[in-house]
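Structure assessment
The residues making up each chain are set out below.
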Amino acid sequence: MFFVAFLGIYPVNRTPTLTVLISGRGSNLIALHERASNYRIGLVISSNSAAQGLVWAAQAGVPSQVVERGTFPSLAAFKAGVLDAVLRSQPDVVALAGFMVVLQPEFSEAFGGRLINIHPSLLPRLPGLDTHQRAIASGETEHGCTVHFVDSGVDTGPRIAQGVVPVLPGDDAAALAARTLAVEHSLYPWVTASLVRGGVQLAEGRVRYDAQAVREAHERGFRIFV
Ligand code: GRF
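Residues numbered from 1 in each chain as written. Predicted model: local features only at pLDDT ≥ 70, side-chain atom pairs only at ≥ 80, totals over all residues. Heavy atoms only, no water.

**A short note on the packing of helix α7 (residues 173–197) against helix α8 (residues 211–220)**
Their axes nearest at 11 Å, the elements α7 and α8 cross at an angle of 170°. With respect to α8, the element α7 is oriented roughly antiparallel. Taking contact as the criterion, the partners of Trp190, Ser194 and Arg197 in α7 are, on α8, Gln212, Ala213, Glu216, Ala217 and Arg220. Per-class residue counts for the contact of α7 with α8 are three nonpolar, two polar and three charged. (Axes fitted to C-alpha atoms, helices over the stretch in contact; angles between N-to-C directions. Helix = DSSP H or I, 4+ residues; strand = E, 2+ residues; numbered from the N terminus. Parallel < 35°, antiparallel > 145°, perpendicular 65-115°, else oblique. Contact = heavy atoms within 4.5 Å. Nonpolar A, V, L, I, M, F, W, Y, C, P; charged D, E, K, R; others polar.)

Structure representation (structure tokens):
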């Protein structure tokens, strides 16, 4: 019933928009754009003016905005600036894609159920940084990525779906990262499209899936949490 919730705010025929927050390379941003079926990217916000993803956005004609720590007097003011920029973009969904800033609780309060992140591990295993190297070092046999709703913690919100890859003998962090990233690029657009059409919802802290989402996750080999 995602659309129903917004009928009072947006024109009925308007394509739902995504604001994507990045800090660097932007390969998930590109995947979200190229695989967009029922949404479009309205704005890219980068915390880093040198982010490669900004170069792509300019070439692709996707609007972008830089909100950098250095132009604010304090960390709190910077984070408030990020929130303000996102609010002004009036997104239907906010997607964090390699955004290297820990958001304040006001963020998840403002966008509860519409704020998602992709993390390169099978959460709750391996939150934080250097996940591929840590997966190898701890002898994991499977690894992957998770798309989850963002709450006030770091990599802790309710999980929506995971893409699983094997850890193969002889893998180094780069090989495992590349294998994982390929799955990220199909997982994130699918979750986003499912959320936009209302097939995935956050209700009372739990993720709910409709029958189509369950079927599609199965077909694509994604792990969900029914
Ligand atoms: C991805 O591995 C994503 O899972 C993590 O940060 C990385 C961003 O890569 N949150 P990119 O900027 O999307 O290429």
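Now that the structure has been shown, the text picks up again.
**Concerning α7**
An ideal rise of 1.5 Å per residue puts 36 Å on 25 residues; α7 measures up with 35 Å between its terminal C-alpha atoms. The sharpest bend along α7 measures roughly 25° and falls at Glu184. (Expected span 1.5 Å × (residues − 1). Bend = angle between axes of the 7 residues up to and from the residue.)

**A word on the site of the ligand**
Close to the ligand lie Arg25, Gly26, Ser27, Asn28, Gly98, Ile118, His119, Pro120 and Glu184. At 2.8 Å, a side-chain N or O of Glu184 approaches an oxygen atom of the ligand. Here the ligand loses 85% of its free accessible area of 370 Å² to cover by the protein chains. Elements with a contribution of two residues or more to the shell around the ligand: α2 (27–34) and β5 (115–119). (Near = heavy atom within 4 Å. Polar contact = N/O pair within 3.5 Å; in protein donor to acceptor, adjacent residues only side chain to side chain. Areas by Shrake-Rupley, 256 points an atom, 1.4 Å probe, with all protein chains shown as cover.)

**Looking at helix α3 (residues 52–60)**
Residues of α3 that are buried include every one of Gly53, Leu54, Trp56 and Ala57, and no others. Take α3 and look down its axis: the buried residues cluster within an arc of 160°, on one side only. Exposed and oriented more than 90 degrees from the buried face of α3 are Gln52, Ala58 and Gln59. The secondary structure elements touched by the buried residues of α3 are β1 (17–22), α2, β2 (40–46) and β3 (64–66). Phi turns positive, to about 75°, at Gly61, one or two residues after α3. (Buried < 20%, exposed > 50% of the residue type's maximum accessible area, 1.4 Å probe, protein only. Arc of directions from axis to C-beta.)

**What to know about the nonpolar core**
The biggest cluster of nonpolar side chains holds 43 residues, and the ones touching the most others in it are Val20, Ile116 and Ile160. Sorting elements by how many residues they give to this core places α7 first, with nine residues. Filtering out sequence-adjacent residues up to four positions away, Ile160 remains in contact with Ile116, Val147, His148, Phe149, Val191, Val200, Val207, Tyr209, Arg223, Ile224 and Phe225. Membership of the second largest hydrophobic core comes to 18 residues, among which are Leu21, Ile45, Ala85 and Leu96. (Core = buried A, V, L, I, M, F, W, Y, C linked by side-chain atoms within 4.5 Å.)

**Section: the confidence of the model for the protein**
The pLDDT averaged across the protein works out to 94; a share of 95% of its residues lies at or above 70. pLDDT under 50 marks residues 1–10. Its contacts with residues more than four places away, or in other chains, come to 17 contacts. (pLDDT = per-residue confidence, 0-100.)

**Notes on the pairing of β5**
Remember that side chains alternate between the two faces of the sheet whenever the strand is regular. Here β5 lies mainly inside the structure; five of its five residues are buried. Taken together, strand β4 (residues 93–96), helix α5 (residues 105–110) and β5 constitute a β-α-β crossover, and its handedness is right-handed. By the bridge criterion, four bridges tie β5 to strand β6 (residues 142–149) in an arrangement that is antiparallel. Within β6, the position partnered with Ile116 by the bridge is Phe149. (Right-handed = clockwise from strand over helix to strand, strands pointing away. Pairing = 2+ DSSP bridges.)

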